[in-house]
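Architecture and fold: a report
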Amino acid sequence: MGLGVTWAIDWLQLSARKMAEHRVELIELDRAIGDSDHGENMDRGFQAVLEKLTESAPDTPGAALKLAAMALMSKVGGAAGPLYGTAYLRASTALGPQEDIDAAALAAALAAARDGIVARGKAEPGDKTMVDAWTPAVEAANEAVALGADAVAVLAAAAEAAEVGAVTTDPLVARKGRASYLGERSAGHRDPGAVSTALLLRAAATAAGFPDGEQA
Amino acid sequence: MGLGVTWAIDWLQLSARKMAEHRVELIELDRAIGDSDHGENMDRGFQAVLEKLTESAPDTPGAALKLAAMALMSKVGGAAGPLYGTAYLRASTALGPQEDIDAAALAAALAAARDGIVARGKAEPGDKTMVDAWTPAVEAANEAVALGADAVAVLAAAAEAAEVGAVTTDPLVARKGRASYLGERSAGHRDPGAVSTALLLRAAATAAGFPDGEQA
Amino acid sequence: MKKLINDPRAVVDESLEGFGLAHADLLDVHANPAYVIRKGAPVAGKVALVSGGGSGHEPLHAGFVGHGMLDAAVPGAVFTSPTPEQIIPATEAVDSGAGVVHIVKNYTGDVLNFETAAELSQAEGISVRTVLVDDDVAVQDSLYTAGRRGVGGTVLVEKIAGAAAVRGDMLDAVTGVAESVARNVRTMGVALSGCTVPHSGVPSFELADDEIEIGIGIHGEPGRHRIPMEGADGITSRLLEPVVEDLGLGSGERALLFVNGMGGTPLSELYIVYRRAARLLEEKGITVERSLVGNYVTSLEMQGCSISVLRLDDELVDLWDAPVHTAALRWGM
Amino acid sequence: MKKLINDPRAVVDESLEGFGLAHADLLDVHANPAYVIRKGAPVAGKVALVSGGGSGHEPLHAGFVGHGMLDAAVPGAVFTSPTPEQIIPATEAVDSGAGVVHIVKNYTGDVLNFETAAELSQAEGISVRTVLVDDDVAVQDSLYTAGRRGVGGTVLVEKIAGAAAVRGDMLDAVTGVAESVARNVRTMGVALSGCTVPHSGVPSFELADDEIEIGIGIHGEPGRHRIPMEGADGITSRLLEPVVEDLGLGSGERALLFVNGMGGTPLSELYIVYRRAARLLEEKGITVERSLVGNYVTSLEMQGCSISVLRLDDELVDLWDAPVHTAALRWGM
Ligand SMILES: Nc1ncnc2c1ncn2[C@@H]1O[C@H](COP(=O)(O)OP(=O)(O)O)[C@@H](O)[C@H]1O
Ligand SMILES: Nc1ncnc2c1ncn2[C@@H]1O[C@H](COP(=O)(O)OP(=O)(O)O)[C@@H](O)[C@H]1O
Ligand SMILES: [Mg+2]
Ligand SMILES: [Mg+2]
Ligand SMILES: [Mg+2]
Ligand SMILES: [Mg+2]
């Protein structure tokens, strides 16, 4: 059996908790190479997601992600708002009306999300953006599917890869987003959007029942 | 023999040096209960006096003090400018065309200076202003004259009294000038104008040949 | 001390030079002695307005030289009143024969220097009237002290008296208007930080991260008392209440509300203060008919603000609305 | 962090509320979603101008809403671009049928959010054109990066395009004027201190007492490089030279010189910078025909300034001089 709407809602609720918990950390990361707002933006956005969830109860994972996309698009602002908004929207479209998401569908949804971000933001891997977390996550998910993993294991692989991906942004010189204005001085700092991506994908795995190393 | 124009010019030149040397100290005193400019104002004013002295050579003590009065009036600004300007002008008038100033004439000139300050500024003794240095100075000068002191001793007595007078402003609550806005909080600080008065009168005694404790 | 300056002692002169270059269509800057006069001065038949005081309060006063406001401004050294040597030629340059009003903030130094200048100008045959502005309710007024300071209300006096002069009022009438504004305006200020006089290089006072100074003047002098930091709404009440009370402004009356920045506070914060002040006045039944929000009477880079309230009547509203064209205040033309 | 605020998260809303109260004659403030529109919008037959971006740059953009400039401004959270949810209703509210120009500072967030809003507004039948402002010469332009930032020059684009719209230019013509201003203006900035975003509470960057940041943007982000503190004249050269060079401005040309304060720097210092910049341009044979000095595009309470130079021709001068009536820029009416 794959993942259903309960997982999707759990994921969004856990995401909101994670964004609140990591708010200051994400602000700090953004302060070093950006404008000190990423944690505030993500926290505000996911609080809006929570609010929307109290207003209406989506009945498929796709519907849940669409609800999140709309809330993020309308409340986050900045670069992250449209990028995450597009990601969740594309994932939602990829899932369609399915009620039960298997490993392959999940990997395809992750790929759609990543493609949406790239389509909007035009960043390539190595540009020191959230794409550097999404791309390895998508690759890891595809590999896991090829190896016959179930949906939970796919999410766990994606989260793990995103976390590693976020760390790999440390030495990079940014070429997109605000950090690019710093030129060489952006090297030596972790990209905040890559970190929030890793946190969100980890939340997806945890919501699916995969044990969370962070002891939430 | 009394004091002549050489003394007066020496006095003004030494005053300029003293104001420059004590510039920061006077700024600091004014910072505590005023607006941080008294040292700057007095320094600027006496630099102007020096400049005027290179342009014209006064031939009586009265003329020298009038020159100083004009320079102070036109370059100091703030409260101190008109007050010291008036003081030097009244002293100059009191001395008239005399070339040689004896003890009595000197004491009278000091009294005239003090009266000028009081006439302009309307401060009473105890208001925590330069009047608290001038008034004991004038009294000490008068006493010295009564005791038969010469001009040098009169100046020494005045300087000594002004220094003590400046110290006595410490506990006072200001009722005139900028420090008055502080109310009770002005207590515990020395009045900058009283200190500059003491420095100027000390310079007068030193210029007259009285040994200066400060080792200038 | 970090400032966009060169030699700390050249700050006033260099700044005035730049000011003159930027506003050459509006005014002339005279150096040595320093003063600023409007283009076309003296204006035939018009009563002239001259103000001045220490520098460091920009745009006050030079920023208010022009049509409908001041004819001349006389800037002293930073926080030091100007000298008669500057005030006299400025007064002479703008007198058309109709006389000159000196608008003087009530500080011993300003009063004494303008007094001397007025005396000497009168001796030269110029009719000079002096109007003292002493709107700061933080300072207790008393016969035995220097009295209240002149602070933010000065801008309102200059604007409204300037309009009266343009209207064609004679010397005593312009003086009367200026006095009536001065009588009907009260101000109180707060500092979140001190400021650093360039020639001193040290902050005028130091505040802990959780302290503010209530009742400050505009020369970096400490205020009346120091209290723990609090929210903008609370601070606004602390400033506004004594202002309204001292003015005796009551329900049904009309007012101009002026929230003035001390130089280092963002405009957005001034509007947060304005919001609360406007609401408080509304609650008291006072109608805010005109308003002014911005950095007009500053203390270098000090963080903080002052709130002024001016009691309005039809005449003052008309004079306030009259066209003005200066570097810092402009409308109607 | 010491600010005249209440709840750090309510800063933008409360400030807008105060702004609306203070300028009720000029504009309406809409809350939830937040946007500001001029009174009388939509103006029949007139092309409308909408701009927006993160808050914290006041008076940009809301201070420029009014006759002859913007029809609407859309403020995001502090330093965060607004969302389509705000931009779309603002666009709809001001469209008279003649179309709307979005003036967008070139930041990924602003570009993406305005892009989405423009698409959706177009889908609703509104003709939308987008003009990107990317005047910051501190950032190297390249196909592979986010490109240059939009900074101080934005005010000039808004003023001049606003005048073109009042003149009666059609949508493409107004867009063309805005683009031509954007193409002919360059800017570079310096910070003497960082600034503190209210929700963060920590300064955006820390500078030692003897360091300054050259090439800063307007979001408290660090600049291109850090150098030892120096005098205003030296700093001015460092900012002005790359601006003039990148613009390719040469002897015999005409320019508007704009010295902009970052929020925490006294006006007097801006004039010291202006003085030097004007002299440097004069030495190069460039005629400064118009000027602007003040805090117009700020970064909260940051100390520092930016210098913008706009190449002028007769048409731009006329449009610059045309009447404007907004909270922060006003002349001719
Ligand atoms: N062009 C882009 N493509 C992909 N991700 C981007 C791009 N630009 C910025 N980002 C991501 O957005 C993050 C910043 O988001 P946030 O701070 O919320 O917005 P802003 O940069 O507008 O302040 C960066 O850390 C980066 O991961
Ligand atoms: N009314 C007054 N009478 C006598 N002395 C005064 C009066 N007001 C101020 N002073 C003196 O002037 C001094 C301050 O001078 P200064 O700092 O140069 O001027 P300002 O107060 O205008 O900044 C005070 O310390 C005090 O001694
Ligand atoms: Mg950011
Ligand atoms: Mg002083
Ligand atoms: Mg002073
Ligand atoms: Mg941002």
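- Under an unreviewed UniProt entry, chain C has the name phosphoenolpyruvate--glycerone phosphotransferase and belongs to Arthrobacter cupressi.
- In the Subunit (unreviewed entry) part of its UniProt record, chain C is described as follows: "Homodimer. The dihydroxyacetone kinase complex is composed of a homodimer of DhaM, a homodimer of DhaK and the subunit DhaL."
- Among the UniProt annotations of chain C, the heading Pathway (unreviewed entry) holds the following wording: "Polyol metabolism; glycerol degradation."

- Naming follows an unreviewed UniProt entry, where chain A appears as Dihydroxyacetone kinase, C-terminal domain of Arthrobacter cupressi.

**With respect to the interface of chain D and chain C**
- Tallying the contact residues gives 52 residues for chain D and 52 residues for chain C.
- Carbon and sulfur atoms supply 59% of the area buried between chain D and chain C, which totals about 4500 Å² over both sides.
- Per-residue buried area on chain D facing chain C is highest for K2, L4 and Y271 of chain D; these three make up 20% of the total on that side.
- There are 6 salt bridges connecting chain D and chain C.
- As a salt-bridge pair, R275 of chain D and E14 of chain C come within 3.8 Å of each other at their nearest N and O atoms.

**Considering the domain arrangement of chain C**
All names here are of chain C.
- Domain parsing of chain C yields domain 1 (8-184) and domain 2 (185-320).
- Between domain 1 and domain 2, the C-alpha centre-to-centre distance is 22 Å.
- Across the boundary between the two partners, domain 1 contributes 36 residues, which contact 37 residues of domain 2.
- Summed over both partners, the interface of domain 1 with domain 2 comes to about 3100 Å²; 65% of that surface belongs to carbon and sulfur atoms.
- Three residues, F79, L156 and N184, lead the burial of domain 1 against domain 2; their summed loss comes to 21% of the area buried on that side.
- Put simply, domain 1 and domain 2 have 3 salt bridges between them.
- Note that E315 and R167 form a salt bridge whose closest N and O atoms lie 2.9 Å from each other.

**What to know about the side chain of S196 of chain A**
All names here are of chain A.
- In this fold, S196 is placed in helix α9 (residues 192-207).
- A polar contact is formed between the side chain of S196 and the backbone oxygen of G193, at a distance of 3.0 Å.
- Sequence-distant contacts of S196, defined by excluding residues within four places in its chain, comprise M19, L26, H38, M42 and Y84.

**A word on the interface of chain C and chain B**
- Each side of the interface is counted separately: chain C has 40 residues, and chain B has 32 residues.
- When the two sides are added together, the surface that chain C and chain B hide from each other amounts to roughly 2800 Å², 48% of it contributed by carbon and sulfur.
- For the chain C face of the interface with chain B, the top three residues by lost area are R9, L112 and H199 of chain C, together amounting to 19%.
- At the surface where chain C touches chain B, the tally comes to 5 salt bridges.

**Examining the site of ligand 2**
- The full set close to ligand 2 counts 21 residues, and D35, H38, A79, D191 and G193 of chain B are the nearest of them.
- Chain contributions to the surroundings of ligand 2 come from chains B and C.
- Separating an oxygen atom of ligand 2 from a side-chain N or O atom of N41 of chain B is a distance of 3.0 Å.
- Here an oxygen atom of ligand 2 and a side-chain polar atom of R178 of chain B are 3.2 Å apart.
- Protein burial of ligand 2: of its 560 Å² of free accessible surface, 97% is covered by the chains.
- Contributions of two or more residues to the shell around ligand 2 are made by α3 (38-55), α5 (80-95) and α9 (192-207) of chain B.
- When residues in the shell around ligand 2 are grouped by element, the largest group, 3 residues, is from α9 of chain B.
- For the shell around ligand 2, the per-class residue count stands at 7 nonpolar, 8 polar and 6 charged.

**Details of the relation of the copies chain D and chain C**
- The transform that puts chain D on chain C rotates by 180 degrees and translates by 0.0 Å along the axis, for an RMSD of 0.0 Å. Classification of the inter-copy transformation places it as that of a two-fold axis. The C-alpha atom lying nearest the rotation axis in chain D is that of G264 of chain D; the distance is 2.0 Å.

**Some thoughts on helix α7 (residues 267-283) of chain D**
Residue and element names in this part refer to chain D.
- For α7, with 17 residues, the first-to-last C-alpha span of 24 Å sits near the 24 Å given by 1.5 Å per residue.
- Within α7, 13 of the 17 residues are buried, which leaves the element mostly enclosed by the surrounding structure.
- Immediately downstream of α7, the backbone of G285 shows phi near 80 degrees, a positive value.

**Notes on the pattern of salt bridges**
- Counted according to the given criterion, the structure contains 80 salt bridges over all chains.
- Note that R17 of chain A and E21 of chain A form a salt bridge whose closest N and O atoms lie 3.5 Å from each other. Of this pair, R17 of chain A and E21 of chain A both sit in helix α1 (residues 5-21), 4 residues apart, which is roughly one turn of that helix.
- Salt bridges sharing partners connect three or more residues here, namely E14 and E17 of chain C together with D233, R275, R279 and E282 of chain D.

What counts, and at which threshold
Residues numbered from 1 in each chain as written. Chains lettered and ligands numbered in written order. Predicted model: local features only at pLDDT ≥ 70, side-chain atom pairs only at ≥ 80, totals over all residues. Heavy atoms only, no water. UniProt positions renumbered as here; feature names shortened; annotations may be inferred. Contact = heavy atoms within 4.5 Å. Buried area = accessible area lost by both parts, 1.4 Å probe. Salt bridge = Lys/Arg side-chain N within 4 Å of Asp/Glu carboxyl O. Domains from an automatic or database assignment. Helix = DSSP H or I, 4+ residues; strand = E, 2+ residues; numbered from the N terminus. Polar contact = N/O pair within 3.5 Å; in protein donor to acceptor, adjacent residues only side chain to side chain. Near = heavy atom within 4 Å. Areas by Shrake-Rupley, 256 points an atom, 1.4 Å probe, with all protein chains shown as cover. Nonpolar A, V, L, I, M, F, W, Y, C, P; charged D, E, K, R; others polar. Least-squares fit on C-alpha atoms with pLDDT ≥ 70 in both. Expected span 1.5 Å × (residues − 1). Buried < 20%, exposed > 50% of the residue type's maximum accessible area, 1.4 Å probe, protein only.

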